[in-house]
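Here are the chains, one letter per residue:
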Amino acid sequence: MDGKPHILVVDDHRDIRELVGRYLAKNGFRTSTAEDAEAARTVLRNGAVDLVVLDIMMPGEDGLSLCRHLRESTLVPVILLTAMAEETDRIVGLEIGADDYLTKPFNPRELLARIRSVLRRTQALPPSREPNRDGVYRFAGWTLDPARRELTDADGVAVPLSTGEFRLLVAFLDRPGVVLSRDQLLDITRGREAVPFDRSVDNQVSRLRRKIEPDPKVPVLIKTVWGGGYSFGGDVERA
């Protein structure tokens, strides 16, 4: 293998997928194309793919369904291609785990920039274990059910989490003992909405500590690493 990132372009319009495939190939990527979700699944089964460029509107299984499958079974990042009128689909796509989106018609240079940006973000993150698809996390008397986005204490009392707090907690539970920088946590919790020098991560960490730490002023679970970021200090069990 030549070491170039492998991009899969999934679009039912042949001219679009072939144009994008050729353009990415000229700019240093290895590319595969697929005309529908079934063909995309075949490519994904037969070789490692580093990122999927995925059209939402396709005959048969649509892009949102395939995106949901990818999030449930892989860590492959996804950039959605959407039409101007598909605002609801764009929102749903981001909610189910797409890493970015681009509205048609688009400039191939912008798609190239977004691909490089997503790859930088995802490849820079310390690796996690395989996604906890069906089970729950248990730590320090707490239970987190990712499927229901529900955090409960030792007595079974539910504690509400915002979307950002949920993503932050999962990032820590997937990487116990690993130092995560503020930039990495910002990418996880806010993605494309993040702006330079955004301090929302610190605010979310403070709120999360107030919910799960025995003493938020002396945290033992979410530890501050001076000059580095944060790390999760508790034992994590998956069940």
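Before any of the text, the structure's been laid out above.
Treat the numbers as computed from the prediction; the structure is a model and nothing was measured.

A. Broad picture of unusual backbone geometry. Of note, the amide linkage connecting K104 to P105 takes the cis form, showing an omega dihedral of -10 degrees. A positive phi angle, near 50 degrees, is found at A140, a position not held by glycine. Its location among the elements puts A140 in the loop between β6 (137–139) and β7 (142–145). The exposed category is assigned to A140, whose relative accessible area is 57%. Phi is positive for R149, close to 55 degrees, though the residue is something other than glycine. With respect to the element layout, R149 can be found in the loop between β7 and β8 (150–152). A relative accessible area of 39% places R149 in the partly exposed class.

B. Fine view of the sheet that holds strand β4 (residues 78–82). Across the sheet, which stays open at both edges, the 5 strands sit in the order β2-β1-β3-β4-β5 with parallel pairing between neighbours. Of all the strands in the sheet, just β2 (30–34) and β5 (100–103) have a single pairing partner and so form its edges. Looking at each pair of strands side by side, their axes are set apart by 20 degrees on average, direction ignored. Lying on the sheet, helix α1 (residues 14–26) is in contact with β1 (6–10) and β2; it crosses β2 at an angle near 170 degrees.

C. Focus on the side chain of D174. Along the chain, D174 falls in helix α6 (residues 163–174). Only 2.8 Å separates the side chain of D174 from the side chain of Y137, close enough to count as a polar contact.

D. Geometry of the sheet that holds β6. Across the sheet, which stays open at both edges, the 5 strands sit in the order β9-β8-β7-β6-β12 with antiparallel pairing between neighbours. Pairing within the sheet leaves two strands with one partner each, and these edge strands are β9 (158–159) and β12 (237–238). In terms of strand pairing, β8 meets β9 through 2 bridges, oriented antiparallel. Residue pairing for β9: L151 is matched across the bridge by V159. Each of β6, β7, β8 and β12 touches α6; the most contacted strand, β6, lies at about 80 degrees to it.

E. Just the nonpolar core, in detail. Ranked by internal contacts, the top residues of the largest apolar core, which has 26 residues, are F139, L144, L151, L169 and I212. Put simply, the parts of the chain that give this core at least two residues each are β6, β7, α6, α7 (182–190), α8 (200–212) and β11 (229–232). If we ignore the near neighbours within four places in the chain, the residues touching L151 are F139, W142, T143, L144, V157, A158, V159, L161, L169 and I212. Within the second largest apolar cluster, 20 residues are counted, among which are V10, A37, A40 and C67.

F. Up close: the environment of V179. Note that V179 resides in the loop between α6 and α7. Overall, the relative accessible area of 39% leaves V179 in the partly exposed class. Remark: the alpha-carbon pair of V179 and K223, spanning 44 residues in sequence, is separated by 9.2 Å.

G. Expanded view of the pairing of strand β3 (residues 51–55). Burial of β3 is extensive: 5 of the 5 residues sit out of reach of the surface. Here β3 shows two buried faces, one formed by L51, V53 and D55 and the other by V52 and L54. With 4 bridges joining them, β1 and β3 adopt parallel strand pairing. When the sheet's bridge partners are listed, V10 is paired in β3 with L54.

Quick notes on the rules
As a convention, each chain's residues are numbered from 1 in the sequence order in which they are written. Only residues with pLDDT of at least 70 get local features here, since the model is predicted, and only at 80 or more are side-chain atom pairs given and counted; chain-wide, interface and lining totals rely on the full set of residues. Only hydrogens and water are removed before side-chain values are computed, so all heavy atoms of the structure are retained for them. Helix numbers and strand numbers start at the N terminus; a helix is a DSSP run of H or I with at least 4 residues, a strand a run of E with at least 2. Each residue gets one of three labels from its accessible area relative to the maximum for its type: buried under 20%, exposed over 50%, partly exposed in between, using a 1.4 Å probe on protein chains only. The criterion for strand pairing is that DSSP finds at least two bridges linking the strands in question. As a rule, the C-alpha atoms of each element are fitted with a line to give its axis, helices using only the stretch in contact, and angles between N-to-C directions run from 0 to 180 degrees. Whether two residues are in contact is decided by their heavy atoms: any pair within 4.5 Å suffices. Two N or O atoms count as a polar contact when they lie within 3.5 Å, although within protein this holds only if one can serve as hydrogen donor and the other as acceptor, and sequence-adjacent residues are included solely when both atoms are side-chain atoms. We call a set of buried residues a nonpolar core when its members are Ala, Val, Leu, Ile, Met, Phe, Trp, Tyr or Cys and they connect through side-chain atoms within 4.5 Å of each other.

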